[in-house]
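# A look at the structure
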Amino acid sequence: MQDRAIQILIIDLGSQYTQIIRRSLRYLGFHSIIISPEKSLEWAKINKPKSIILSGGTINISDADTPEIPKEILGLGVPILGICLGMQWLAYIHDKNAIQAIKEGKSYGPVEVSLSESRLFKNLAKKISAWSSHGDSVKNVPAGFDIIATSNNKKVIEAIECADKKLWAVQFHPEVEQTEDENIILNNFASDICGCVKDYDKKNVIEEIRANTKKILGSGTAIIGVSGGVDSTTLAAILTPILGDKLKAFMIDTGGMRKDEIEKVKKIAKKSGINLEVVDKYKNKFIESVGQSIDAEKKRAHFREVYGEVFREVARSCNATHMIQGTLATDLIESGNAGNSALIKTHHNVDLDLGLTEIMPLSDFFKFEVREFAREFGLEELLAGRQPFPGPGLYLRIVGVPVSSELLEIVREADYEVAEILKKHNLYDKIAQTIVALLGVNTVGVKGDGRVYGYSIVVRTVETVDFMTVKGFYLNKEICEEITGALIKHPKIVRVFYDFTPKPPATTEFE
Ligand code: XMP
């Protein structure tokens, strides 16, 4: 997707949020590209962007392994916005004494930032709540720079600028949804300061996804795993009209699906013309293999192993040369596969060695964007009443005890009941994701006249735009009571917990 003139270069210094900068720019209507520090100068010289953004990153600016950012980008005459580590680099490069480690712990979480007069902050209030995540900060402002934002009674420098050199920098993260600026800072920078044009259009993007995939596939045949989730199913629907018989969709019944999932997917496939085959003979193999361990990463590894095996067989059966994956930017970031970001969880379908060429047409996109694509295609039923669901499915929702058919059945039914209650109260569509998991700690309870020693269910409801960060979606007392009442009817469920912890630190799923 790089044929169009890309106006904004994002240099990736390894932040979990780098893709979010790109997503926010897309949301505002700008095309951008993410490039590693090493390749950035060459790219910039050839492509002449109107704007450069230096992302955040996880390392300290004075460490030896600081990505080698070419100083020559400062001489290109292109406005630069440094974010977090990007700001520290801009300060450090002008004054080696500019940076200092924060003495008492890292600054992590919301901060109230006071803004001064600057083109960067046009149309913003004098104070905003912003998201901060850093261990170092700029202590000494290099000559020629002005402080344009502070926090903590002016003790922390939150933003600086040197308009003469076209340099702006913020310590907090304007790209994430926790910063209450509705992307105004990025818009001010890209549009007002850099003069970038808004030419990102969803329709063109779908055509580009199709054309690029067709080109990569050439004369080959592709398979795609359709899970019933928004991503893979939408992708199959996008590609079916252009690839026709060259695309074969498979749904693997892993034993970890939600209630009625397979029937729903068959219906959607029929409507969208997707050439779908349901493969259900490997269910027990998945349960046996994943059930060998209670460790989250080992379970995922076992799941991946069987998943890979099944797909290798499926691929052989239709002489496939390519595997199309509905992997999103979030999956790649969290698996440590996007740019320089650190590993958080192994995703079941990232980097699977199937002996096929992998195509990941959605790897630049975030969930809410794919949901918009689904809407474009009239696939509302994928969205309405269907929250996202992970590939390993209910296997991730049995925590602390080995999975078994019996436990899978308990969480499947619990998941269904919670969803039905939330739907009845018109809450289901307001919640980004509901996770109903079985906690494998036995606790004591009384049912009727007898003692029971049984399981607990935890219900986690979250709101988010992109799943890189989430906030708890708080359920009120009446809803909690109704859910608890429904779940404890099961003879082996003794307690129900509710979890509204934000991410970070708690990931959306428990495993
Ligand atoms: P986390 O738990 O990482 O989840 O905050 C973010 C989103 O990703 C989904 N998820 C997965 N999806 N395979 C998937 O297809 C996986 O292995 C996987 N792990 C998490 C999760 O349900 C949430 O929507």
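Per chain, the residues get numbers from 1 upward, laid out in the order the sequence is written. Note on the predicted model: pLDDT of at least 70 is required for a residue's local features to be given, and 80 or more for side-chain atom pairs to be given and counted; whole-chain, interface and lining totals, by contrast, use all residues. Here the side-chain values reflect all heavy atoms present in the structure, with hydrogen atoms and water set aside.

This paragraph deals with the overall build of the chain. In this text, helices come from DSSP runs of H or I with a minimum length of four residues, and strands from runs of E with a minimum of two, each type numbered from the N-terminal end. Looking only at helices and strands, one finds 14 helices and 21 strands in the chain. Categorising residues by exposure relies on relative accessible area from a 1.4 Å probe, with only protein chains included: less than 20% of the type maximum marks a residue as buried, more than 50% marks it as exposed, and the intermediate range marks it as partly exposed. Across the 511 residues of the chain, 58% fall into the buried class. Counting contacts in the chain only where the partners sit at least 6 residues apart, residues at least 24 apart contribute 75% of the total. Looking at the chain as shown, the accessible area adds up to about 21,800 Å², and 49% of this sits on carbon and sulfur atoms. For the charge count, each Lys or Arg is scored as positive and each Asp or Glu as negative, with His and the chain ends excluded. Charge placement uses NZ in Lys and CZ in Arg. For Asp and Glu, CG and CD serve respectively. Positive and negative side-chain charges of the chain, numbering 64 and 68 respectively, have mean locations separated by a distance of 2 Å. Any two residues whose heavy atoms approach within 4.5 Å are treated as being in contact. Using the Shrake-Rupley algorithm and a 1.4 Å probe, accessible areas are obtained, with residue cover drawn only from the displayed protein chains.

Glancing now at the sheet that holds strand β11 (residues 167-170). Two strands qualify as a pair provided that DSSP identifies no fewer than 2 bridges between them. Spatially, nine strands are ordered β2-β1-β3-β4-β11-β10-β9-β6-β7 in an open sheet, and the strand pairing comes out mixed. Since the sheet does not close on itself, it has two edges, and those belong to β2 (32-35) and β7 (127-134), each with one partner. Within the sheet, the average angular offset between the axes of one strand and its neighbour, ignoring direction, is 25 degrees. Here the axes come from fitting lines to C-alpha atoms, over the contacting stretch only for helices, and the angles between their N-to-C directions go from 0 to 180 degrees. Taken strand by strand, helix α1 (residues 18-28) contacts β1 (8-11), β2, β3 (51-54) and β4 (80-83), and its axis lies near 170 degrees from that of β2. Packing against the sheet, helix α4 (residues 184-193) makes contact with β1, β3, β4, β7 and β11, and its axis sits at approximately 150 degrees to β3.

To describe a pair of aromatic rings, you give the distance between the ring centres and the angle between the ring planes. Note on aromatic pairs: the rings of Phe, Tyr and Trp (six-membered ring only in Trp) are paired at centre separations within 6.5 Å, and the planes decide the class, stacked below 30 degrees, edge-to-face beyond 60, tilted for the rest. Tallied over the full model, the rule gives eight aromatic pairs. When the ring of Y307 is compared with that of F311, the centres are 5.0 Å apart and the planes differ by 50 degrees; the resulting orientation is tilted. Within this pair, Y307 and its partner F311 are both found in helix α9 (residues 296-317), separated by four residues, close to a single helical turn. For Y307, a relative accessible area of 9% translates into the label buried. Since its relative accessible area comes to 0%, F311 is described here as buried. For the pair F365 and F373, a centre-to-centre distance of 5.4 Å together with 70 degrees between the ring planes defines the contact as edge-to-face. F365 sits in the buried class, given a relative accessible area of 1%. Each residue in the set F286, F303, Y307, F311 and Y395 is aromatic and connected to the rest through ring pairs, giving one cluster.

Buried residues of nine kinds, namely Ala, Val, Leu, Ile, Met, Phe, Trp, Tyr and Cys, make up a nonpolar core once their side-chain atoms join them within 4.5 Å. Ranked by internal contacts, the top residues of the largest apolar core, which has 53 residues, are I223, F286, L422, L438, L475 and I483. When residues of this core are traced back to their parent elements, those giving at least two are β13 (247-252), α8 (283-290), α9, α13 (405-424), β18 (433-447), β19 (450-463), α14 (477-487) and β21 (493-499). The greatest single-element share of this core, amounting to nine residues, is contributed by α13. Beyond its immediate chain neighbours, meaning those up to four positions away, L438 contacts R397, I398, V399, V401, L407, I410, V411, Y455, S456 and I457. Among the nonpolar cores identified, the runner-up in size contains 35 residues, and I209, A222, L247 and V370 belong to it.

Here we come to the pattern of salt bridges. By salt bridge we mean one thing: a side-chain nitrogen of Lys or Arg within 4 Å of a carboxyl oxygen of Asp or Glu. If you walk through the whole model with that rule in mind, you get 18 salt bridges. With a shortest N-O distance of 3.1 Å, D364 and R22 are connected by a salt bridge. Within this pair, whereas D364 is found in the loop between β16 (357-359) and α11 (367-376), its partner R22 is found in helix α1, the two being separated by 342 residues in sequence. With a shortest N-O distance of 2.8 Å, R397 and E509 are connected by a salt bridge. Of this pair, R397 sits in the loop between α12 (380-383) and β17 (398-399) while E509 sits in the segment after β21, and the two are 112 residues apart along the sequence. The same class applies to R397 as to E509, namely buried.

Judged by how many residues are buried, α1 sits mostly within the fold: ten of eleven residues are covered. The set of residues buried in α1 consists of T18, Q19, I20, I21, R22, R23, S24, L25, R26 and L28. G29 sits one or two residues past α1 and shows a positive phi near 110 degrees.

This part covers the domain arrangement of the chain. Segmenting the chain into domains produces domain 1 (8-193), domain 2 (202-384) and domain 3 (404-499). Placing a centre on the C-alpha atoms of domain 1 and another on those of domain 3 gives a separation of 41 Å. If you look at the interface, domain 1 gives six residues, while domain 3 gives five residues. In total, about 560 Å² of surface goes out of reach between domain 1 and domain 3, with carbon and sulfur atoms giving 52% of it. Buried area is understood as the total, over both parts, of accessible area removed when two parts are fitted together, assessed with a 1.4 Å probe. Three residues stand out in domain 1 for area buried against domain 3, namely R23, E177 and Q178, and they jointly supply 65% of the buried area on that side. In protein, a polar contact requires one atom able to donate a hydrogen and another able to accept it; more generally it is a pair of N or O atoms within 3.5 Å, and residues adjacent in sequence count only if both atoms are side-chain atoms. Applying the counting criterion to the domain 1 and domain 3 interface returns three residue pairs in polar contact (both at pLDDT 80 or more). Under this grouping Gly is polar, as are all residues other than the nonpolar Ala, Val, Leu, Ile, Met, Phe, Trp, Tyr, Cys and Pro and the charged Asp, Glu, Lys and Arg. Of the residues in the side of domain 1 that touches domain 3, the class split is two nonpolar, two polar and two charged. An automatic or database domain assignment provides the domain bounds reported here.

Residues of α11 that are buried: K367, F368, E369, V370, F373 and A374. Just beyond α11, the residue with positive phi is G378, at close to 65 degrees.

Reading across from one edge, β14-β13-β12-β15-β16 is the order of the five strands in this open sheet, with parallel pairing throughout. The outermost strands of the open sheet, each flanked by one partner alone, are β14 (276-279) and β16. Sheet twist, expressed as the mean angle between neighbouring strand axes with direction ignored, is 30 degrees. Of the strand pairs in this sheet, β13 and β14 are connected by four bridges, and their pairing is parallel. The residue of β14 that forms the bridge with F250 is E277.

Right, let's get into the environment of L85. For L85, the position within the fold is in helix α3 (residues 85-94). With relative accessibility at 1%, the residue L85 sits in the buried group. L85 sits 25 residues away from N60 along the chain, and the two C-alpha atoms are 7.7 Å apart. Discounting chain neighbours no more than four positions away, the residues touching L85 are L13, S55, G56, G57, I59 and I61.

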